[in-house]
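# Architecture and fold: a report
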Amino acid sequence: MKIIPVYSWNKKVIKFNSRTDRISKQPWFQGVLLLIAVVIAMLLANLPATQHLYHDFLNTNLQLHIFNGSHDILFPRDMTVEKFINDILMVIFFFTVGLEIKREMADGELSTPKKAMMPVIAALGGVIAPALIFAIINHGTQASSGWGIPTATDIAFAVCILSVLGDKVPVSLKVFLTALAIADDLIAILVVALFYGGTINFALLGISFFIIFLTIIMRRMGEKRMFPYILMAILVWGLFYYSGIHATMSGVVMAFLIPATPRYSKIQYYSKRTLYNTKIDGMEGASEEDFPNGPQKHYLHSLIDVEKGTMDMSYRAEHALSGWVNFLIMPIFALANAGVTIPDPSFFNIFTETIAGHPEYGYVGLGIFLGLLLGKPLGITLFSFIAVKTKVGEMPAKANWPMFFAVACLGGIGFTMSIFVDTLSFGNVADPAIMDSMRDAGKIAVLMGSIGAAVLGSALVNAVHGMRR
């Protein structure tokens, strides 16, 4: 038997880790990971050996029972695995989205009126047009409340497609689509907050506003430690959860309250760094230990704290959470929400099929599919055209209208936010089974519409690029 030296194994492990780290940082990787999660979810939900286990697991109760005399207190109410993912894990997702929007508004593509005007106007068009298409198709039916489903753009899949298309798309249009998706997220957040909550408990909502007010005062007083903000965020989440406003909105609110100024200024950083480096050098030979010795470790820890304090809390939070959100929370969300049981092939017939064969339940799939595939690019392009002609906005550099429309088609890739809104829709339907069927049909239409938008956008980009050569 051939014995492989330990250092050979170490070299292989280091090489493997380096390769996987390099792959995970590719812009297309997150989109591919989400696609894999969707495929796995669909298999789990439809294979006879796993479909019951899949749904039973998602419906497993996660309640905490606290016995109090003759009463058994439950916290939180009706918490299942699926609700834990959608109401707790997705709070972290919305928190990072809020941090990203805040960063872009501070010094990114939304930082000035001139920069923000075009993507914001385009995003507004990309919300209004698909909502109108869905509303027209489902006017007067119980499906009419689902108008918000086809209004969102999934930035992960859009960036994934753009990275595959490479230099066929001008850099300015890539930046534009990214900024549009960020503005789109902000509009989608407002849509969820205003139209997809439950019955409002104004007493709890008032308490949550008081906690938010205290957080603002705390920030104004210069509090830069993370723990107080985490505590306030948990309190606001709980109050939102029970007040009727969707709990994920607490993540967005708290993201905008996180301080964006560092604890130490540039002068303070250089002063403290010089001080601790001098201390570390002065402790050389203070003991027989190898470097770093005990006293040097103490000053090295202090130096690390100073370096952390020089980066603002908002940046540190976004940097710390982005990997968890992109590579764990969003795939888990896809696994939990994309698993739709397909009873027969007619379930994919979104163009003529109504829910349970009853016209009063509307054409959910058709409204979503056309909203994403046609409404998104038409709304984005039309509103952008008006903005350019009225000189309110500027056309991205080195772009023309055919290529602009092709990239706008990629805005019809809804997925994450569209599926999330779908899980909140159709609460007005009295029959739970019909409501679940409508949501399942919505998810299928979101997947089909997103795939259609990706294929159409990619084909048009290649065609326009071919004509320009």
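Residues numbered from 1 in each chain as written. Predicted model: local features only at pLDDT ≥ 70, side-chain atom pairs only at ≥ 80, totals over all residues. Heavy atoms only, no water.

## So, the overall build of the protein chain
Rules: Helix numbering and strand numbering both begin at the N terminus, where a helix is a DSSP run of H or I of at least 4 residues and a strand a DSSP run of E of at least 2. Only heavy atoms enter the contact rule, under which two residues are in contact if any of them lie within 4.5 Å. Surface accessibility in these figures is a Shrake-Rupley result with a 1.4 Å probe; residues are shielded only by whichever protein chains are displayed.
When helices and strands are counted, the protein chain shows 17 helices and two strands. In the protein chain, the share of contacts with a sequence separation of at least 24, taken over all contacts with a separation of at least 6, comes to 77%. Element-wise, carbon and sulfur atoms account for 67% of the exposed surface of the protein chain, whose accessible area totals about 24,100 Å².

## What about the nonpolar core?
Rule in force here: Remark: nonpolar core denotes a set of buried residues (Ala, Val, Leu, Ile, Met, Phe, Trp, Tyr, Cys) joined through side-chain atoms within 4.5 Å. Per-residue accessibility, obtained with a 1.4 Å probe over protein chains only, is compared with the maximum for each type, and a residue is labelled buried under 20%, exposed over 50%, and partly exposed between these values.
Among the nonpolar cores identified, the biggest contains 112 residues, and Phe93, Phe94, Leu173, Ile368, Phe415, Phe426 and Met438 are the most heavily contacted of them. By residue number, the principal contributor to this core is helix H7 (residues 171–195), which donates twelve residues. One finds Tyr264, Tyr269, Ile280 and Tyr299 within the second-largest nonpolar core, a separate group that totals seven residues.

## What about the packing of aromatic side chains?
Put simply, the rule is: Stacked, edge-to-face and tilted labels apply to pairs of Phe, Tyr and Trp rings (six-membered ring for Trp) whose centres lie within 6.5 Å, assigned for plane angles under 30 degrees, over 60, and everything in between, in that order.
What the rule picks out here adds up to eleven aromatic pairs. With a centroid separation of 5.1 Å and an interplanar angle of 85°, the aromatic rings of Phe157 and Phe415 are classed as edge-to-face. In this pair, Phe157 is assigned in helix H6 (residues 155–165) and Phe415 in the loop between helix H15 (401–410) and helix H16 (416–424), connecting sequence segments 258 residues apart. Judged by relative accessible area, Phe157 falls into the buried class, the value being 13%. When the ring of Tyr241 is compared with that of Tyr242, the centres are 5.0 Å apart and the planes differ by 85°; the resulting orientation is edge-to-face. Each of the two residues, Tyr241 as well as Tyr242, counts as buried.

## As for the side chain of Arg439
Convention followed: Neither His nor the chain ends is counted toward charge; the positive residues are Lys and Arg and the negative residues Asp and Glu. Criterion for a salt bridge: a side-chain nitrogen of Lys or Arg within 4 Å of a carboxyl oxygen of Asp or Glu. Throughout this description, a polar contact denotes any pair of N or O atoms lying within 3.5 Å of each other; where both atoms belong to protein, one of them has to be capable of donating a hydrogen while the other can accept it, and for residues adjacent in sequence the pair is counted only when both atoms sit in side chains.
On the secondary structure map, Arg439 appears in helix H17 (residues 432–468). Buried charged residue Arg439 carries no salt bridge. Nearest counter-charge: Asp436, at 4.8 Å. At 2.8 Å, the side chain of Arg439 forms a polar contact with the backbone oxygen of Ser425. Excluding its chain neighbours within four sequence positions, the residues that come into contact with Arg439 are Asp422, Thr423, Leu424, Ser425, Phe426 and Gly427.

## Details of empty space enclosed by the protein
Definition in use: Any residue with an atom within 4 Å of a point lines the site, the site being either a cavity, points on a 1 Å grid over the protein atoms alone where a 1.4 Å probe fits but cannot get out, or a pocket, an open set with protein on both sides within 12 Å along at least 5 of 7 lines. Grid points are joined across faces, edges and corners, and a volume is the space filled by probe spheres set on the points. For this classification, the nonpolar set comprises Ala, Val, Leu, Ile, Met, Phe, Trp, Tyr, Cys and Pro, the charged set comprises Asp, Glu, Lys and Arg, and every other residue, Gly included, is treated as polar.
By the definition in use, this model includes one cavity of 30 Å³ or more. What lines the largest cavity is simply Lys224, Thr261, Pro262, Arg263, Gly309, Met311, Asp312, Met313 and Arg316. Looking at the lining of the largest cavity residue by residue, the class counts come to three nonpolar, two polar and four charged.

## Quick look at the environment of Gly367
Here Gly367 lies in helix H14 (residues 364–389). For Gly367, a relative accessible area of 0% translates into the label buried. Sequence separation between Gly367 and Gly442 is 75 residues; the distance between their C-alpha atoms is 9.0 Å. With residues near it in sequence (within four places) discarded, Gly367 still touches Ile133, Phe134, Ile137, Asn138 and Pro150.

## Topic: unusual backbone geometry
Despite not being glycine, Lys398 shows a phi value in the positive range, around 60°. Among the structural elements, Lys398 can be located in the loop between H14 and H15. Positive phi is not limited to glycine here, since Phe415 has a value of about 45°. Phe415 gets classed as buried once you look at its relative accessible area, which sits at 3%.

## Side note on the side chain of Thr215
Within the secondary structure layout, Thr215 lies in helix H8 (residues 202–220). Under the relative-accessibility criterion, Thr215 is labelled buried at 0%. A distance of 2.8 Å separates a polar side-chain atom of Thr215 from the backbone oxygen of Ile211. Setting aside anything within four residues of it in sequence, one finds Thr215 in contact with Tyr229, Met232, Met254 and Leu257.

## Quick word on the environment of Phe347
Relative to the helices and strands, Phe347 is located in the loop between helix H13 (313–337) and H14. You can call Phe347 partly exposed: its relative accessible area is 23%. The contacts of Phe347, once residues within four sequence positions are left out, are Val340, Thr341, Ile342, Asp440, Ala441 and Ile444.

## Description of the environment of Ile149
Within the secondary structure layout, Ile149 lies in the loop between helix H5 (113–137) and H6. Looking at Ile149, the relative accessible area reads 0%, which means it is buried. When sequence neighbours within four positions are dropped, the list of residues in contact with Ile149 reads Tyr196, Ile368, Ser418, Val421, Asp422, Ser425, Phe426 and Val446.

## Details of the layout of surface pockets
Empty space within the largest pocket amounts to approximately 1,200 Å³. For the largest pocket, the lining is made up of 42 residues, of which Glu82, Lys83, Thr423, Leu424 and Arg439 are closest to its centre. Of all the secondary-structure elements, those providing two or more residues to the lining of the largest pocket are helix H3 (51–58), helix H4 (81–107), helix H9 (226–243), H13, H16 and H17.

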